[in-house]
Structures are given as C-alpha cells and as structure tokens.
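# Breakdown of the fold
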Amino acid sequence: MTWNEDWGRISAIARKDLITERRSKAGFNSVAALGVTMLVLFGFAFGPDAQALRDAAAGALWLAILFAGVLAFNRSYQVELESGALDELLQYPGARWTIYAGKLISNLIFVSLMLAIVVAAGIVLFQIHIPSAWPMLLVTLLLGIVGLVTLGTFYAAMASRTRAREVLLPLLLFPMLVPVLLAAMSASKALLGGDLMHEASAWIRLLLGYDVIFLVAALFAFEHVIEV
Amino acid sequence: MDLQSDLPIDAIRVARRFGSKWVLRGVSLRVHSGEVVGLLGANGSGKSTMLRILATLLRPNAGTASIYGHDVVSAADEVRRTVGILAHAPGLYDDLTARENLRFAAEMSGLPTTDLGSLLGEVGLSEVADERVRGFSSGMQRRLAVARLMLRRPQLLLLDEPYSNLDSDGIVLMNSLISRTARGGGASLIVLHELAPASGILDRTVTIVDGRIAKPEKPASYRVPVSAAGAIS
Amino acid sequence: MVVPRPGAWRWFGVFAFAFLIFTQTLAILTSPPDRDMGDLEKILYVHVPAAWITFLSFFVVLAFSARYLWKGREKDDLLAAAAAEVGATFNGLTLLLGMIWGRPAWGVWWTWDARLTSTLVLFLIFVGYLALREFVDDAQRRAQWSAVVGALGAINVPIVYMSVRWWRTLHQIQSNPNTMDPAYVLGLRANAFAFLFIMIYFIHQRYVIASLQRATEHAAEAVALGGQQE
Amino acid sequence: MTRNWTFVIAAYSLTWAVILGYLVRLHRGRRRAESAYDTAMAETRAGDR
C-alpha cells in the first residue's frame, strides 16, 4: 500500500468526477445559477439601500454558496449510485479514505469555481468595494470552502444513501457548519469593511483550526461510513 | 480454521436479512479450485445477496464466509484482491467513454493502463471505444463490464446472470473467460436463470430454496427445467 | 444478547424521583429571594441542572460512540442512542427554561449570547443525530453512521461555543460558585445530583427498551433460521 | 416581584411536565417492548418443537 497507489486512486476518482461534471455541463450551470439567484433574492431582502446591501453582502454570499454547495455534495454521490457504480467502487482493494480524498478534491474544485461566479456576481449586485487586503479575503474564502466541502462531502456519503437525502443532508450539515459560517462571514465582513478592529486574523485562525480538525476526523471516520 | 480453509469459497451458515425479512437463512457452500458452480433459485431467493456477501459488498448478519482463506468481513481487502463480481447493474459511468471507464478501473486497481485498446478489441468494442457509455445498448454495457473483469483477472468470478443481454458472440466470450479462470486454478460461482448458455462449462449446480441450499438427494419444491436438467451431469 | 431485567433499578428510579422532590422543595423553601432578581432565582434550580445534564449526556454519547467505533459492540450503540434521546429532551427543556428566565430577567425571550446559541446548535446537532437513526433501516449501518455523527457532533460543541462567544460577547460572565451565596450553591448542587440520578435512570430505561427490541429481533432471527443458530 | 412568580411556576411546571411526560413514554415503551419480546420468545419455543 504505497503512497503512489493511494495517490493513483485519489487522482483517478477526482479526474473521473471532474470529467463527468464537465460533460454534463447542465449540473454546474444550474447549481451556479441557483447561487446567483439566491444573491438576487438576498438583494431584495436587504436592499435597495446601498449601505445595507454592503453590510449584508458577506452573509448573503456565504449562504448562497452553502445552499448551492449542498446540491453539489448530493450530486457527487448520485453519480455513484446510478447504475450501481458505488458497488463497483467498493470492489477495488485499498484504503477507503482515498475515495473520500478523491471526492474532496473534485468537490473543492467544483465549489471553488462556483464561488468565483457567485463572488463576481456579488461584487456587482451588492456594490462591493474590493479592499486593499484582498489576499486575506482570498485566504478566508479558500479556508471557508475547505471547511464547507470537508464536512459536506463527508455527510453526503451517508445522507445520499438514505430515504430522506434532501432533508437529511442540510439537517446534519448546517449545525455542524456553524463555526465555519460564523468565522467566514465575520472575517469576510471585517475585511470588506477595512478590518478596523483587526479581528479578521482571529477568525482565520479559527477557520484553519476547524478545517484541520475535521479534515483529519473525516479521513479517519470515512471507512466506517462507506463500508456498510 | 480447518485444512480446507484455502478453498475459493467456504461459506458456513451465512444468513442475511433486510429489515425483518430473512433472505438468506443459513447457506453453507463450498467451491473448490477449478470448479464452475451454477447457483439456481426462484426470483428473490437470495442468490444475488449471496454473491454480494461473498464479494464483501454486504456483511452477513450471521455465519461466516471466507474466500481463499480470507474472511469476507475481517479480511475484506484481501478478498477484494482475489474476487471479481459482475453484478446486475453494469456499474459504469455514463458520461465517460468506454476507454475512460476501463482506464478508471485500471487506475483504481493499480494496473497499467497501456493495453486497454486490445482489451476493448477482445470484447468487440474497438469501434465505440471513444464513445460515451450513455449511448451504449445494455449488451454493449455488459461487454464493457466483462472487459473490466478481464482486466482485473480475478481468481474467483462471481457472476450474476452473466448471459442476460448478451448475444451468441458475447456468450462465447463469457464462457471463455470462465473456463480460462477455471484452468488457471480459479473458480466461478454463477447465478443463472436458465442453464442453456452455461451448459458446456458447469461442473455442478446448487439451488437456493427459501433462503437455504436445497438438499440434492431429496428434490425440493423447486424444479430444474427439464431441458436444462439433462445438460448438467 | 442479555436482556436486562428490572430489580434494583426500579428502586433506583423511585429514589431518584423522591430525591428530586426533596431537593426542589428544599431549594424553593430555603433560598432567600435575590437582591436583584427576587424570586426569579428559583428558576435557576431547574435551569442550571438541566443545562449541566444536557452537556453531560452528550459527553456520554461521545464516549459510547467512540467505544462503539473502537470495539463494535451493539450495546454501546444502544447506550449512545439512549443518551442522545435523553440529552435532547433535557436540551429542549434547558432552552425553554432559558426563555422563561430571560423574559423577566432581560426583557427578551431570546438573546444571541454564546451559551444560549451554542445550546441551540447542540440541540440541532442531536436532532440531526436522532433523525439519522430514524431514516436508516439497516441496524449495522445505523450504528456505524450514528456513532460517527455523534462523535463529530460532540467534537463540534466546544468549537461552536468558542466561535459564538467571539462573535458576540455580551452577557454576564459565567457565574462561579465562589461569588455566590452559599445557600444557592447548596441548592444548585443538590438539584444537580437529583437531575443526574434522573438522567441515569432515564438512560438506563431507554437502553432497556432498545435491548428488548433488539432481543425480540434476535428471537425472530432464531425462528427464521430454524434453529441453525446455537 | 409578584409578576415573577408566574415565571417561576411556569418553569417548575414545565420541568415536571417534561420529566413526567418522558417517564410515561418510557414506561409505555417498556411495556410494549416486553410484550413483543415475550411473544417472540413463545414463538421460538414453538419453533423448537
């Protein structure tokens, strides 16, 4: 069980998922469209006052990504459940965490692309001024996405195989994501406002800690989730 | 466990339920090296469940089973290295081409990805090698699944109605894979609805009735079709 | 599977309830009205123990979930499920009592402070846990999945608490027994023990029910397998 | 301060309602589980014959 073999499996799964997503463009397009639609609706809820919109922007962005992400996570296992591919996937020897890692990578790329579209739309719709500390903002976005995808990919492995997957995934996932969403929203909001209180870095550290803890936990626990 | 623990299949009182319904009620089955065994039974008698347990895809609720001496629960990884299952569903990715599906299987099994073209030729899919599986007929999908099985060269073949949707060429292909495996010291367990396509290669059959193996000496309520019964021996 | 039979446990239950009645009467009668809050402080004798029991029972869920993942024994799964159900019940009670307290004390039913918010998130996490158990039919799958969900949920609780506290540090600093009147401390401690006994009794009862159901399934199994099992 | 007694009474009644409600639920569940178990055991013994 060399690292090369494991990496071969991880990259095979990630590549397979990405090719599938690219060929069925409808999936990505509609999920991204949903994210942008959510932003428009948030705009109605908080607008049209420009300052109120800017204050709500960080929260609206993360919620749009969250809801669109949940669809993406379930889809990621839907591909395996169609025509019994999951059984075939479980037939290959080797460590189970590689399946999780492969799906994690493809979901990360998928959600990051979606994030780029949603953020671009958000900058226009919510009249956001890009702050000078934009590299920090980028770090926040990435760490937030990692936290979201880490648990989303993990819980979808269970929820997508139950009778009530549409309800169960958000029900399990959203309370677990409270620290990520709070930290990502607060850090984004602080950075967009110029980070006058210097609070963004504390939130980013929290995000980093959360990501590491749950990434490790998910890698260890995935075997118990997929094997039965 | 005992002297025969390196049998291709050694299942002892395997039982499995779904919810409160017992599908298998204690199936004991031994298959020796070189054997090709047909598994018969009415619809819903638990044949596919038995195959899935032997392939480590389901865990038995009671009883034990081992493949070449490796327990299907505690040594699942070793079992997966020696077993190949051809399930009902082809387990292919619709949006990948035939070649990409095979390459994925090779990469997942840690095998070289060089000889895929000739393998596709062997199952008669050269011309559609770079077309997406979504457009394939069920027979073509079956052939691709067979190619994937050939790629992995398992010692023990677990085949769930392998002849369904296959034309006569496909049946010959399937049978040659089965007999090649048997000659190499491997074994096969084949779930069958009709014996005709497998008539030339079966060594014996066992029948599952009501979740148990029917005793060969006293014929159970299940009837083997007369035309096929002659072909066993 | 050994089916636990009643016996000493019945007397433990009687004792737990008698003790609870005793400690609550004691607390109501002996505690002097608070300088600022008047008789409102009497709510604390149910609210605070309920909150402690909530967190304690979810620690029990974590412990049994972890042991299930480690050893794979059915018993641990059933105990974790029992503790989760009891914990969720006390969790709901804690939240409602908090509101009843908050309305006269702060003038609002709800406030987004760290303890309240993280208690609510904890409640949602374990509602998810119990829903997962409902929706998974296969016993083994249910056990494995809920053990993982229970363990991850319990890991998350301190992180939620920390993040909400950073998000909003508004309300009173955690009161600490040293600064409180000894009369309150005694009442709180006595009630905490009473709630603890009730929790243990409830978890045990819930566990007995689950093991009876499991034993029923095993009996049906023996019938279905026609005595092939020993 | 008299107004606060309503809240105190509400809190204690709620506590007892929840605890006793759950107790009743447990007792019913237990009785049902025991009778189901006894039925199943009777069937097991019948199956042995």
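Structural notes, computed from the coordinates. The residue numbers shown here count from 1 along each chain, following its written sequence. The order in which chains are written sets their letters, starting at A; the order in which ligands are written sets their numbers, starting at 1. Two thresholds apply to this predicted model, a pLDDT of at least 70 for residue-level local features and 80 or more for giving and counting side-chain atom pairs, whereas whole-chain, interface and lining totals are computed over all residues. Values shown for side chains rest on all heavy atoms present in the structure; no hydrogens or waters enter the calculation.

Residues and elements named next belong to chain A. Residues enter patches when they are more than 30% accessible in relative terms and free of salt bridges; like-charged ones are connected within 9 Å and nonpolar ones (Val, Leu, Ile, Met, Phe, Trp, Tyr) within 5 Å. Using a 1.4 Å probe, accessible areas were evaluated by the Shrake-Rupley method; residue-level cover was limited to the displayed protein chains. Salt bridge, as used here, is a side-chain nitrogen of Lys or Arg placed within 4 Å of a carboxyl oxygen of Asp or Glu. Nonpolar side chains collect at one region of the surface, where Val40, Leu41, Phe44, Val124 and Leu125 lie side by side and expose about 500 Å² of accessible area between them. Secondary structure follows DSSP: runs of H or I at least 4 residues long count as helices, runs of E at least 2 residues long count as strands, and numbering of each begins at the N terminus. For the nonpolar patch, the elements supplying multiple residues, two or more each, are helix H2 (25–46) and helix H5 (97–125). It is H2 that contributes the most residues to the nonpolar patch, 3 residues altogether. As for its position among the elements, Leu125 is in helix H5. With a 1.4 Å probe rolled over the protein chains alone, any residue whose accessible area is under 20% of its type maximum counts as buried; one over 50% counts as exposed, and the rest are partly exposed. On the basis of relative accessibility, which here comes to 37%, the residue Leu125 falls in the partly exposed class.

A few words on the sheet that holds strand E10 (residues 212–213) of chain B. Residues and elements named next belong to chain B. A pair of strands is labelled paired if DSSP reports no fewer than 2 bridges between them. If you trace the 6 strands from one edge of the open sheet to the other, you get E6-E7-E8-E3-E9-E10, paired in mixed fashion. The sheet terminates laterally at strand E6 (83–86) and E10, the two strands that pair on one side only. Here strand E3 (residues 36–41) runs beside strand E9 (residues 204–209); their pairing, made up of 5 bridges, is parallel. Each bridged residue has a counterpart across the sheet, and for Leu40 the counterpart in E9 is Thr207. Throughout, a residue-residue contact means that at least one pair of heavy atoms, one from each residue, lies within 4.5 Å. Interaxial angle, 0 to 180 degrees, is taken between N-to-C directions of lines fitted to C-alpha atoms, where a helix line uses only the stretch in contact. Together, E6 and strand E7 (156–160) form the strand contacts of helix H5 (residues 138–152), whose direction differs from that of E6 by roughly 180°. In this fold helix H6 (residues 168–183) packs onto E3, E6, E7 and strand E8 (187–191), with an angle of close to 150° to the strand it touches most, E7.

Let us now look at the interface of chain C and chain D. Opposite the 43 residues of chain C that make contact, chain D presents 30 residues. Summed over both partners, the interface of chain C with chain D comes to about 3,200 Å²; 75% of that surface belongs to carbon and sulfur atoms. Applying the counting criterion to the chain C and chain D interface returns 1 salt bridge. The salt bridge involving D:Arg25 is made with C:Glu85; its shortest N-O contact spans 2.7 Å. Going through the elements one at a time, helix H1 (8–30), helix H2 (44–71), helix H3 (74–106) and helix H6 (182–224) of chain C are the ones with two or more residues in the side of chain C that touches chain D. Among the elements that take part in the side of chain C that touches chain D, H6(C) stands out by supplying 15 residues, more than any other. Lys, Arg, Asp and Glu make up the charged group, whereas Ala, Val, Leu, Ile, Met, Phe, Trp, Tyr, Cys and Pro make up the nonpolar group; the residues left over, Gly among them, are polar. Looking at side-chain class alone, the side of chain C that touches chain D contains 30 nonpolar, 6 polar and 7 charged residues. Buried area: the accessible surface (1.4 Å probe) lost by two parts on joining, summed over both.

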